[in-house]
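Letter by letter, the chains look like this.
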Amino acid sequence: MGDKMMPDFKYYLENQEELVKKYNSRWLVIKEQQVVADLGNGMDAYDWGRDNLGEETEYIIQLCTPGPAAYTRRLFTVPMK
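Residues numbered from 1 in each chain as written. Predicted model: local features only at pLDDT ≥ 70, side-chain atom pairs only at ≥ 80, totals over all residues. Heavy atoms only, no water.

(A) The side chain of D8, seen in detail. With respect to the element layout, D8 can be found in helix α1 (residues 6-23). Nearest to the buried, unbridged D8 among oppositely charged side chains is K31, at 7.0 Å. At 2.7 Å, the side chain of D8 and the backbone nitrogen of Q33 are in polar contact. Here D8 is in contact with I30, K31, E32, Q33, E58, Y59 and I60, once residues within four sequence places are set aside. (Helix = DSSP H or I, 4+ residues; strand = E, 2+ residues; numbered from the N terminus. Buried < 20%, exposed > 50% of the residue type's maximum accessible area, 1.4 Å probe, protein only. Lys, Arg positive; Asp, Glu negative; His and termini not counted. Salt bridge = Lys/Arg side-chain N within 4 Å of Asp/Glu carboxyl O. Polar contact = N/O pair within 3.5 Å; in protein donor to acceptor, adjacent residues only side chain to side chain. Contact = heavy atoms within 4.5 Å.)

(B) Seen up close, the side chain of Q16. Mapped onto the elements, Q16 comes out in helix α1. One polar contact links the side chain of Q16 to the main-chain carbonyl oxygen of T65, over a distance of 2.7 Å. Every residue in contact with Q16, bar those within four places of it in the chain, is listed here: T65, P66, G67 and Y71.

Right, here's the structure in full:
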């Protein structure tokens, strides 16, 4: 994960419990330590990020679930270029 995206992932980890209460099983688009969108599947989250944030900006897409399973099994970045 790029250094620029680490604060967004850290935000998710530090706020996971509260985020799960609000967004359980949703795919979150997180930019600058804020949830900017929540969607029903990962592809919709990817499309939303590309269409609304552009290909030149950095953000993460994270499945919001309790515990470490959502981020220890697979965490990936997709090159936008």
